[in-house]
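What follows is each chain in one-letter form.
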Amino acid sequence: MSRRANQCPLCKKAQSADFKPFCSQGCKDRDLLKWLDEGYRLAGPAADYQDSIDRDERD
Ligand SMILES: [Zn+2]
């Protein structure tokens, strides 16, 4: 019986039922953006996501 603790994969806090498998909207957005960034490298700013994203690209 290995029961996994439900942790947010990003910050290891407890998951929220509303944002599974993440702990919050912030982590959910962050993960999504990470995928988008890696997969498509979107150029435009996404609505209200910037709040939790630190952009340190200097290209
Ligand atoms: Zn989290």
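For the protein chain, an unreviewed UniProt entry supplies the name DNA gyrase inhibitor YacG and the organism Sphingorhabdus profundilacus. Check the Sequence similarities (unreviewed entry) section of the UniProt entry for the protein chain; it says "Belongs to the DNA gyrase inhibitor YacG family." Under the UniProt heading Subunit (unreviewed entry), the entry covering the protein chain gives this text: "Interacts with GyrB."

K.L.:
Run through the side chain of Asp31, naming residues and quoting values.
P.N.:
Along the chain, Asp31 turns up in helix H1 (residues 25–39). If we skip the residues at most four places from it in the chain, Asp31 touches Leu10 and Phe22.

K.L.:
Could you give an account of the UniProt feature "binding site: Zn(2+)" (unreviewed entry) in the protein chain, naming the residues involved and the relevant values?
P.N.:
In the UniProt entry, the feature "binding site: Zn(2+)" (unreviewed entry) is given for Cys8, Cys11, Cys23 and Cys27. Spatial clustering of the annotated residues is evident: they stretch over 20 residues in sequence, but the largest pairwise C-alpha distance comes to 8.1 Å. Examined against the element boundaries, Cys11 turns out to sit in the segment before H1. Excluding its chain neighbours within four sequence positions, the residues that come into contact with Cys11 are Cys23 and Cys27. By the element assignment, Cys23 lies in the segment before H1. Contacts of Cys23, omitting those with residues within four sequence positions, involve Cys8, Cys11, Lys13, Ala14, Gln15 and Ser16.

K.L.:
Describe the coordination of the zinc ion, naming the residues involved and giving the relevant values.
P.N.:
Donor atoms from the polypeptide that coordinate the zinc ion comprise Cys8 (SG), Cys11 (SG), Cys23 (SG) and Cys27 (SG), at 2.2 to 2.3 Å from the metal. Taken together, the four donor atoms coordinating the zinc ion and their angles of 101 to 117° define a geometry best described as tetrahedral. In primary sequence terms, the donor set of the zinc ion follows C-x2-C-x11-C-x3-C. Here the residue Cys11 occupies a position in the segment before H1, and Cys23 occupies one in the segment before H1, the gap between them amounting to twelve residues. Residue classification places Cys11 among the partly exposed positions, given a relative accessible area of 31%.

K.L.:
Hey, could you go over H1 for me, with residue numbers and the actual values?
P.N.:
An ideal rise of 1.5 Å per residue puts 21 Å on 15 residues; H1 measures up with 21 Å between its terminal C-alpha atoms. Among the residues making up H1, those that are buried are Cys27, Asp29, Asp31 and Leu33.

Calculation rules
Residues numbered from 1 in each chain as written. Predicted model: local features only at pLDDT ≥ 70, side-chain atom pairs only at ≥ 80, totals over all residues. Heavy atoms only, no water. UniProt positions renumbered as here; feature names shortened; annotations may be inferred. Helix = DSSP H or I, 4+ residues; strand = E, 2+ residues; numbered from the N terminus. Contact = heavy atoms within 4.5 Å. Donors = N, O, S within 2.8 Å, 3.2 Å for Na, K, Ca; no water. Tetrahedral: all angles 85-135°; square planar, octahedral: opposite > 155°, others 65-115°. Buried < 20%, exposed > 50% of the residue type's maximum accessible area, 1.4 Å probe, protein only. Expected span 1.5 Å × (residues − 1).

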